[in-house]
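For reference, the chains in residue letters:
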Amino acid sequence: MFVQFFYILRDRGVPVKPTSFLRLQKALSLGLVTSLDDFYTVARAILVKSERHFDLYDQVFLHHFRGVELKDPEAYELTDIAKALLQEWLKDPAAVAAAFGVAEKELKKMTPEELIRYFLDRLKEQTEAHHGGDRWIGTRGTSPVGHSGTHPGGMRVGGVSRSKSAIKVAMDRRYRDYSQDGPLTQSQMGEALKRLRRMVPAGPKDLVNVDKTIRETLRNAGEIEIVFDRRLTDRLKVILMIDNGGWSMEPYVEIVQTLFNYARSQFKDLRTYYFHNTIYDVVWQDARRYYRPEQLEDFSRRDPETRLILVGDASMSPYELMYAGGALDMSQRSTRPSIDRIKFLSSLFRHSVWLNPAPLWKWAQGGTIGVIRQVFPMFDLTLDGLEAAVRRLAAKN
Amino acid sequence: MKENEKKRHAFHGASKYILDEELAKIVNISIALEMPLLLKGEPGTGKTMLAHAIAENLGLPLIILNVKSSMKLVEALYQYDTLTRLNDSRFGDSKRDVSDIEAYIRMGKIGQSFVSGFKTVLLIDEIDKADTDFQDDMLDVLDQMSFDIIEIDKTVKARHRPVVVITSNAKKDLSDPFLGRCNFHHIAFPEPETMRRIVDVHFPNLGDEMATACIQNFYRLREIGGIEKKPATRELINWIRALRSDPDFKPAILERGDVPYLGVLYKKSADLGLAARAVAKVKR
């Protein structure tokens, strides 16, 4: 029964196991499911194992039992972005118009429905041909808007206006909170990180040392002498700084997610910060890089034995790294170039590494990767690279 | 199971717990399929309360295993009290038989639920705190409903299969084999209407005006961005309690946008600061 339902679920990316399906059959045979409502609830509890898939399950359920058309996931996302753009347009029409490179008046003539359609079309153009295309936003293009572009004096649209600009909003839809998900696929990664742990005895003496107890009892001529030890606990402090901004990190999201998940389960004292491309005066505690900034100076108060791990592709326009005020985001223009800040950071923590998810052949092309490599020992984010990085971090001196 | 027994073991909700129909169905199907029920949801959605409610409703004793990060599975199963045995063998003044190791085996929480003379509800709280190995091994035990005591080479089999409820706060998923053996439910944060019923259960004689004002404000306050720990049901209940104990308080104060006792709702100083600023903005 409901075999087709099962397959549509699988097709749509809900990881349903055959055993779960058999279990559903058992539930049905028990006679506890008497209506479609019951079936909806029971099948979900048995088949779907994560709330992230609930929405998808609902869609498939409606499709299968109510004949509602399934949405193409991509179209769905674009519609959302277009809606976000409309919101932004209502707040700051000039910025949106500028981002699209059309006159504000043109856009003002349109009704909201037309606007959404217009945004949607432009967004579709964008998904079909960005990255090196010559349309409006994207990376490494020649269009004047966008970033990392080669257009002389090319300027990123984000962060110019007081409120967040339209494109920023669209891009915000693309950001991912690395802490959110990511199935743990590469368990070796956890093994590699585990070696970093430094176990030291700490806390009250409440663990019986059997060997010592026996020895001491014997020495005491059979009078029991119980010897207690402190428990071993992990005292290693780790700071993880992740580049979660922009399009250039997008291909590596999955691997960074895996790293993040393992790091979080491995280390007791782990702090995570986020930055965009490179580090200026502040890093952020929240993945949106908005609410909770932390001054870089404050890191000088941290334990210098803390292990610092930076994760990023280290690829950006040279001026972002080398010139004062090179920050893409206007709101964090600084008086000192980013390279100074990076050097400052590396002077604070002697045990530090930069993990780069970009493939090794890209490193040879030089650019900013070469510069950052001179400051931080850089390792590629593969199992081998990670192990080498861990060896480096675990070194005593 | 006999028909009357089946009836007795069907779950409807308990006196202090507001249960939606969907969840009741899932609980019942999990009991019928004899599978552990995994509950996820943000703190304060009543995951732990549910286990209490199931136990109360079915009239079964509740055994709670609070998972800790350093916990080993064997601690949850049994403990061999070597120290007492050593002590007894030295001084010989106890009634226990020193040569009988079994006298020194103490059951852990899972063990207790197995050897209990009647059916129990076993709550395994905050499973995400333990490492993956713990989780997988534990599910093996719960699957087979038996475990071995190595010291005395004895297998403990569950006399009555306990109703197992597992809670998790984690955002990340548990391991696949683990999920495969559980039924899953995510408890969403209650809607204002449900919240009203929850409030009514806790404060039966709260005025309509007061309840509406409090709940409206509560959901408005949850909207504030950048908060690390959003106020949950527990905070709302405490907040209403605080408001009621203040003789000068009137619901009209809330309507003006003022929020007294913000500290009851926000437990972290950074959150409190953010919320206080947001409230001040509305007031102006």
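Everything numeric here is computed off the predicted structure, so don't read it as measured data.

Section: the overall build of chain B
Across its full length, chain B carries 14 helices and nine strands. Classification of the 284 residues of chain B by burial places 30% in the buried group. Put simply, 75% of the contacts in chain B that link residues at least 6 apart link residues at least 24 apart.

Describing the overall build of chain A
What chain A contains, in helices and strands, is 17 helices and nine strands. By the burial criterion, 32% of the 397 residues in chain A qualify as buried.

Notes on the sheet that holds strand 9 (residues 183-186) of chain B
Residue and element names in this part refer to chain B. Across the sheet, which stays open at both edges, the five strands sit in the order 2-5-8-1-9 with parallel pairing between neighbours. Each of the sheet's edge strands pairs with one partner strand only, and the pair in question is strand 2 (62-66) and strand 9. Neighbour to neighbour, the strand axes of the sheet diverge by 20° on average, direction disregarded. Pairing analysis gives four bridges linking strand 5 (residues 121-125) to strand 8 (residues 163-168), with the strands arranged parallel. Looking at strand 8, one finds that Ile 124 is bridged to Ile 166.

Quick look at the interface of chain B and chain A
Across the boundary between the two partners, chain B contributes 23 residues, which contact 30 residues of chain A. Among the elements that make up the side of chain B that touches chain A, the one with the highest residue count is helix 2 (residues 21-33) of chain B (seven residues). Of the residues assigned to the side of chain B that touches chain A, the class counts are eight nonpolar, seven polar and eight charged.

Topic: the nonpolar core
What tends to happen in soluble globular proteins is that the nonpolar side chains get buried as a cluster. Grouped together as the largest cluster of nonpolar side chains are 59 residues, with contacts concentrated most on B:Leu37, B:Ile54, B:Val121, B:Leu122, B:Val165 and B:Ile166. Counting residues per element, this core draws most heavily on helix 3 (residues 47-58) of chain B, which supplies six residues. Core analysis: the next-biggest nonpolar cluster, separate from the first, contains 43 residues, A:Ala263, A:Ile309, A:Leu321 and A:Ile369 among them.

Remarks on unusual backbone geometry
Residues and elements named next belong to chain B. Positive phi outside glycine occurs at Glu 34, with the angle close to 55°. As for its position among the elements, Glu 34 is in the loop between helix 2 and strand 1 (37-40). Overall, the presence of 12 C-beta atoms within 10 Å leaves Glu 34 in the exposed class. The backbone of Asp 153 sits at a positive phi, close to 50°, despite the residue not being glycine. Structurally, Asp 153 can be placed in the loop between strand 6 (146-149) and strand 7 (154-157). Judged by C-beta crowding, with 8 C-beta atoms within 10 Å, Asp 153 ranks as exposed.

Focus: the pairing of strand 1 of chain B
All names here are of chain B. What you see with strand 1 is no split at all: Leu 37 and Leu 39 on one side and Leu 38 and Lys 40 on the other are buried throughout. The pairing of strand 1 with strand 9 spans four bridges and is parallel. Bridge assignment links Lys 40 to a residue of strand 9, and that residue is His 186. With four bridges joining them, strand 1 and strand 8 adopt parallel strand pairing. Among the inter-strand pairings, Leu 38 is bridged to a residue of strand 8, identified as Ile 166.

Let's talk about the packing of helix 3 (residues 36-47) of chain A against helix 2 of chain B
Where helix 3 of chain A meets helix 2 of chain B, the axes come as close as 9 Å, and the angle between the chain directions of the two elements is 60°. Compared by their axis directions, helix 3 of chain A and helix 2 of chain B come out oblique. Along this stretch, helix 3 of chain A crosses helix 2 of chain B, giving a crossing that reads as right-handed. Counting all contacts with helix 3 of chain A, which are made through A:Asp38, A:Thr41, A:Val42 and A:Ala45, the residues of helix 2 of chain B involved are B:Glu22, B:Lys25, B:Ile26 and B:Ile29. Taken together, the residues of the contact of helix 3 of chain A with helix 2 of chain B sort by class into four nonpolar, one polar and three charged.

Focus on the environment of A:Pro377
Among the structural elements, A:Pro377 can be located in the loop between helix 16 (368-375) and strand 9 (378-380). Not counting chain neighbours up to four residues away, the residues in contact with A:Pro377 comprise A:Val353, A:Trp354 and A:Arg392.

Focus: helix 7 (residues 132-144) of chain B
Residues and elements named next belong to chain B. For helix 7, with 13 residues, the first-to-last C-alpha span of 19 Å sits near the 18 Å given by 1.5 Å per residue. Burial in helix 7 covers these residues: Gln 135, Met 138, Leu 139 and Leu 142. Buried residues of helix 7 fall within an arc of 105° about the axis and therefore sit on the same side. Seen from the buried face of helix 7, the exposed residues on the opposite side, beyond 90 degrees, are Asp 133 and Gln 144. Against helix 4 (73-77), strand 8 and helix 8 (176-180) lie the buried residues of helix 7. With its phi angle positive at about 55°, Met 145 sits one or two positions after the end of helix 7.

Here's the deal with the pairing of strand 2 of chain B
Residue and element names in this part refer to chain B. Burial along strand 2 is one-sided: the residues Ile 63 and Leu 65 are buried and none of Leu 62, Ile 64 and Asn 66 is. Summarising the sheet, strand 2 and strand 5 pair through five bridges and their orientation is parallel. Residue pairing in the sheet places Asn 66 in a bridge with Asp 125 of strand 5.

Re the packing of helix 2 (residues 18-29) of chain A against helix 3 of chain A
Packed helices, taken two at a time, are described by their axes: the angle between them and the distance between them. Residues and elements named next belong to chain A. Where helix 2 meets helix 3, the closest approach of the two axes is 9 Å, and the angle between their N-to-C directions is 145°. Where helix 2 crosses over helix 3, the two elements pack in a sense that is right-handed. Residues Ser 20, Phe 21, Arg 23, Leu 24 and Ala 27 of helix 2 lie in contact with helix 3, whose contacting residues are Val 42, Ala 43, Ile 46 and Leu 47. Of the residues that constitute the contact of helix 2 with helix 3, the class distribution is seven nonpolar, one polar and one charged.

Notes on the confidence of the model for chain B
Residues and elements named next belong to chain B. Per-residue confidence for chain B gives a mean pLDDT of 81, with 90% of residues at or over 70. Confidence drops under pLDDT 50 across residues 1-8; counting only partners more than four residues distant or on other chains, this segment forms one contact. Across the interfaces of the predicted complex, the ipTM metric reaches 0.73, alongside a pTM of 0.58.

Description of the confidence of the model for chain A
Residues shown with low pLDDT carry predicted positions that ought not to be read at fine detail. Across chain A, the average pLDDT comes to 69, with 59% of residues at 70 or higher. Between residues 127-187 of chain A, whose pLDDT stays under 50, and residues either more than four places distant or in other chains, the model counts 116 contacts.

Describing the environment of A:Glu297
Along the chain, A:Glu297 turns up in the loop between strand 6 (293-295) and strand 7 (307-311). Along the backbone, A:Glu297 and A:Asp281 are 16 residues apart, and their C-alpha atoms lie at a distance of 7.9 Å.

Thoughts on the environment of B:Thr155
Its location among the elements puts B:Thr155 in strand 7. Non-local contacts of B:Thr155, meaning those with residues more than four positions away in its chain, are made with B:Ser146 and B:Asp148.

Rules behind the numbers
- Residues numbered from 1 in each chain as written.
- Chains lettered and ligands numbered in written order.
- Predicted model: local features only at pLDDT ≥ 70, side-chain atom pairs only at ≥ 80, totals over all residues.
- Helix = DSSP H or I, 4+ residues; strand = E, 2+ residues; numbered from the N terminus.
- Buried ≥ 20, exposed ≤ 12 C-beta atoms within 10 Å, placed from the backbone.
- Contact = placed C-beta atoms within 7 Å.
- Pairing = 2+ DSSP bridges.
- Axes fitted to C-alpha atoms, helices over the stretch in contact; angles between N-to-C directions.
- Nonpolar A, V, L, I, M, F, W, Y, C, P; charged D, E, K, R; others polar.
- Core = buried A, V, L, I, M, F, W, Y, C linked by C-beta atoms within 7 Å.
- Parallel < 35°, antiparallel > 145°, perpendicular 65-115°, else oblique.
- Left-handed = near helix turned anticlockwise from the far one by under 90°.
- Expected span 1.5 Å × (residues − 1).
- Arc of directions from axis to C-beta.
- pLDDT = per-residue confidence, 0-100.

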